[in-house]
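# Inside the fold
In case you want the letters, here they are:
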Amino acid sequence: MRKTVWSGIVAAAAVLCFSAPVFAQAVANGSIGVTVTVSAKAKLTLGAASVTFADADPETVPSLSSGAITIDVKARTTTNGAVTLTVLAGGDLTSGSDTIAITNLTWSVAGSGFVAGANDKTTAQTVGSWTGSGTPSGTHTLALPNNWTYATGSYVATLNYTLTAP
Amino acid sequence: MRHLFALLVVALWPALAEAQTDSATLNAAFTGLARLSFSANSITFVDADPDFVPQVSSSPATITISTKARASSGGTVTLSVQASDDLRSGVATIPASHVTWTVSGAGFLGGTLSATAAQTVATWTGSGVRSGTQSFYFRNLWTHPTGTYTLTMLYTLSAA
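In what follows, the accompanying structure is described. Note that the coordinates shown come from a computational prediction; the quantities given were computed from them, not determined experimentally. (Residues numbered from 1 in each chain as written. Chains lettered and ligands numbered in written order. Predicted model: local features only at pLDDT ≥ 70, side-chain atom pairs only at ≥ 80, totals over all residues.)

Now for the overall build of chain B. Across its full length, chain B carries two helices and 11 strands. Secondary structure elements of chain B, listed N to C terminal, follow the sequence α-α-β-β-β-β-β-β-β-β-β-β-β. Among the 160 residues that make up chain B, the fraction classed as buried is 28%. The contacts in chain B between residues at least 6 apart in sequence include a share of 72% that link residues at least 24 apart. (Helix = DSSP H or I, 4+ residues; strand = E, 2+ residues; numbered from the N terminus. Buried ≥ 20, exposed ≤ 12 C-beta atoms within 10 Å, placed from the backbone. Contact = placed C-beta atoms within 7 Å.)

Next up, the structure:
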């Protein structure tokens, strides 16, 4: 009986002092929440701030052309949000009291989502439309018929472009 | 008289004399330990113009990670992170991989978040108390749909 007791005490002491540890895999978990805010934005860059049509003989140059003007659109909107680019003329082409109807000033386009059209001073005309966020780009070329009927003068008009991304 | 005393001693402590020659097989199991804590439990990325801020820094700018691990001698201690999902705002999503991080601290590694596979944030060898920081960035593109996106980064510290 005494042998058994002493053997137990020695064994316990050995466990505390000389035991070889055996590790099981330990795992700890944690988490961090992430929130990102993406808001609507729209940026429009035109390749030219002004366009000039030089005088020309109507018989040899029946249509005056501006050359291609780049349009760079950057828009952030909802997944299926409609992005639209419109143009509204500030008025007719005017030289003193003489005018040329702005509807004569048309444009052709190149690039996905861009559409050809004619300018108007009362209703904004669509230049391009897209769905969702993105950075479409293209060109448009302004053209004015070179009619014999125009009164001489230097005509000026302003075209106002608006990019909308809801 | 002396002989009588000696016999008496032997008679009283026979067990003690015999126990010193015994042997015992000892088995002990110590489970490993791992502790993980963060200086903040959430980060946010505010809206910014992609042309001027192509990589948005988080707020707070850095997260301090503290780890405590008891592993076997030469055992590997690994801290990994996996996104619960892509960044999601209703039906709109942005891949979790648009979140990246840089680090400071021994054993820490820079990386890119993933919703499909755990990415290693840090590795060490053996037991110890370690800390380091993660600085997070969001890839800010014009093509992202608008919205308030969320995900959860799930960290796992394992000590083998």
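Having seen the structure, we can now continue with the description.
With that out of the way, let us pick up the environment of B:Y137. Residues and elements named next belong to chain B. Take Y137: it is sitting in strand β10 (residues 128-139). Through-space distance from the C-alpha of Y137 to that of W101 is 6.0 Å; in sequence the pair is 36 residues apart. The contacts of Y137, once residues within four sequence positions are left out, are Q55, V56, S57 and T100.

So, about the sheet that holds strand β4 (residues 82-89) of chain A. By definition, the strands of a sheet pair up through backbone hydrogen bonds, in either a parallel or an antiparallel sense. Residues and elements named next belong to chain A. Pairing is antiparallel in the open sheet, where three strands are placed in the order β9-β4-β11. Every other strand in the sheet has two partners, leaving β9 (125-131) and β11 (159-164) as the edge strands with one partner each. Averaged over all adjacent pairs, the angle separating strand axes in this sheet is 10 degrees, with direction ignored. As paired elements, β4 and β9 share six bridges and run antiparallel to each other. Across the sheet, V87 pairs through a bridge with Q125, a residue of β9. (Pairing = 2+ DSSP bridges. Axes fitted to C-alpha atoms, helices over the stretch in contact; angles between N-to-C directions.)

As a further point, take the sheet that holds strand β8 (residues 117-118) of chain A. Residues and elements named next belong to chain A. Ordered in space as β2-β3-β10-β7-β8, the five strands form an open sheet in which the pairing is antiparallel. In the strand order of this sheet, the two ends are held by β2 (41-46) and β8, each with one partner. Judged from the five bridges that link them, strand β7 (residues 106-110) and strand β10 (residues 137-145) form a sheet pairing that is antiparallel. Residue A110 lies in a different strand from β10, and its bridge partner there is T139.

Turning our eyes to something else, we now look at the pairing of β7(A). When a strand is regular, its side chains alternate between the sheet's two faces. Residues and elements named next belong to chain A. Where β7 meets β8, two bridges bridge the pair, whose relative direction is antiparallel. The residue bridging T106 from the neighbouring strand is A118, located in β8. Once β7 ends, the chain turns through six residues before running back antiparallel as β8, passing G111 with a positive phi of about 120 degrees.

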